[in-house]
There are 2 protein chains.
Amino acid sequence: MGRWEPDASGRLRQAAMELYVERGFEQTTVAEIAQRAGLTARTFFRYFADKREVLFAGSELLQEEMVTALEGAPVSASPMDAVGLALDAAAAMLGGRREYSRRRQSVIAANADLRERELIKMASLSAALADGLRRRGVADPDASLAAEAGIAVFRVAFERWVYARRSSDLAQVMRESLDQLTTLTAQRNRRGTR
Amino acid sequence: MGRWEPDASGRLRQAAMELYVERGFEQTTVAEIAQRAGLTARTFFRYFADKREVLFAGSELLQEEMVTALEGAPVSASPMDAVGLALDAAAAMLGGRREYSRRRQSVIAANADLRERELIKMASLSAALADGLRRRGVADPDASLAAEAGIAVFRVAFERWVYARRSSDLAQVMRESLDQLTTLTAQRNRRGTR
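All of the points below concern the structure found in this document. Note that the structure is predicted; figures quoted are calculated from it, not measured. (Residues numbered from 1 in each chain as written. Chains lettered and ligands numbered in written order. Predicted model: local features only at pLDDT ≥ 70, side-chain atom pairs only at ≥ 80, totals over all residues.)

Some words on the environment of Ala109(B)
With respect to the secondary-structure elements, Ala109(B) resides in helix H6 (residues 98–109). Among the residues examined, Ala109(B) registers 10 C-beta atoms within 10 Å and is labelled exposed. (Helix = DSSP H or I, 4+ residues; strand = E, 2+ residues; numbered from the N terminus. Buried ≥ 20, exposed ≤ 12 C-beta atoms within 10 Å, placed from the backbone.)

Looking at the interface of chain B and chain A
Tallying the contact residues gives 37 residues for chain B and 37 residues for chain A. At ten residues, the largest contribution of residues to the side of chain B that touches chain A is made by helix H8 (residues 142–163) of chain B. Residue composition of the side of chain B that touches chain A, by class: 18 nonpolar, ten polar and nine charged. (Contact = placed C-beta atoms within 7 Å. Nonpolar A, V, L, I, M, F, W, Y, C, P; charged D, E, K, R; others polar.)

Focus: the environment of Leu125(A)
Residue and element names in this part refer to chain A. With respect to the helices and strands, the residue Leu125 is situated in helix H7 (residues 112–135). Judged by the 22 C-beta atoms lying within 10 Å of it, Leu125 is buried. For Leu125 and Gly150, which are 25 residues apart along the polypeptide, the C-alpha to C-alpha distance reads 9.8 Å. Setting aside residues up to four positions removed in sequence, Leu125 forms contacts with Gln63, Met66 and Ile151.

A word on the relation of the copies chain B and chain A
Between the two copies, chain B and chain A, the superposition gives an RMSD of 0.0 Å; the rotation angle is 180° and the shift along the axis is 0.0 Å. Read as a symmetry element, the transformation amounts to a two-fold axis. Relative to the rotation axis, the closest C-alpha in chain B is found at Ala149(B), a distance of 3.0 Å. (Least-squares fit on C-alpha atoms with pLDDT ≥ 70 in both.)

Digging into the packing of helix H4 (residues 59–71) of chain B against helix H5 (residues 79–94) of chain B
All names here are of chain B. It is the contact of H4 with H5, at a shortest axis distance of 7 Å, that shows an interaxial angle of 140°. Seen along the crossing, H4 lies across H5 with a hand that is right-handed. Contact with H4, carried on its side by Leu62, Glu65, Met66, Ala69 and Leu70, involves Ala82, Val83, Leu85, Ala86, Asp88, Ala89, Ala90 and Met93 of H5 and no other residues of that element. For the contact of H4 with H5, the per-class residue count stands at eleven nonpolar, no polar and two charged. (Axes fitted to C-alpha atoms, helices over the stretch in contact; angles between N-to-C directions. Left-handed = near helix turned anticlockwise from the far one by under 90°.)

Printed below as a string of structure tokens:
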């Protein structure tokens with residue numbers, strides 16, 4: 001058993017992000033992350049499976065929060081209303097850490113393996129939302145469509161928020177993007193161009 | 001230089017798919033694929049980088065066809081109209097091969113590496129459609145949102161079509177799914193539940 005270390009997990013995450021930005025993800029070792037955090041590699045592995053998982057440690061919690069919000073929507077809520085509540089929950093969890101999110105985003109963008117891992121995370125989120133909608137009695141293909149559309153909004157809104165020049169409210173950006181998707185899909189000439 | 005082999009690429013693809021379904025993707029070797037096709041491994045590598053790429057050989061062409069259709073949309077077409085034409089082009093390319101698509105889909109579903117590769121393909125398609133929309137003068141976030149929504153429709157419609165009990169027209173399923181997304185996004189209580 002190691003000594004008790006106050007917020008070891010947070011310190012490791014902070015140290016890892018600093019090193020990934022300074023040296024690049026590939027060039028950073030677990031030993032260096034632990035050293036920067038004033039901890040041992042053994043402590044690192046108590047919290048994270050490897051140096052990649054430091055960047056994805058919150059994924060399961062994010063998915064839980066989103067699914068819980070979706071399932072807690074009023075019975076009268078439409079599928080996209082329920083998905084909107086899931087997006088609100090995501091914004092509540094992620095919205096306070098724009099600087100962290102920006103650095104994380106830049107580290108991920110620079111590495112093909114990390115980009116793949118992020119795609120898998122989003123696909124898993126989409127599948128979890130679709131399952132949640134099915135449990136609410138939404139039939140397919142509506143459940144899959146609403147979930148995929150929600151993740152499309154999530155992706156675009158998150159990117160907008162992370163890279164915006166001025167800081168803004170993530171929940172607000174999510175809502176605007178969802179409204180914008182509604183406007184875009186309504187702007188169709190269902191016969192004219194096809 | 002090898003002998004000229006009529007439709008070597010098609011024979012290799014056919015042989016590969018048979019073996020992937022019979023034995024599983026991991027258990028199949030390039031030598032076995034070539035043998036089944038009556039060709040040599042050397043001929044295989046003239047067409048495909050590895051046994052995974054047999055399943056993704058059409059990806060670039062699909063992307064080109066979709067982007068060309070999107071760019072060829074009338075000036076008056078809305079972003080989602082242009083995306084609809086890209087979906088029509090995808091249906092025209094893929095719609096005649098339901099049995100092949102079904103087998104491909106089942107092989108991919110059974111293997112984590114292939115699922116990742118498929119996610120990357122879809123992300124790349126989405127980025128290419130967004131770029132095409134930007135070249136049409138569509139600003140962000142509309143370009144990204146319309147492209148992501150189009151890919152969401154593609155995914156859901158393709159899956160529906162592949163696994164439908166009766167054979168149906170892929171273009172028709174794509175159009176219905178796009179209409180259904182429009183209906184879903186319109187069914188929102190913009191204030192009530194949030």
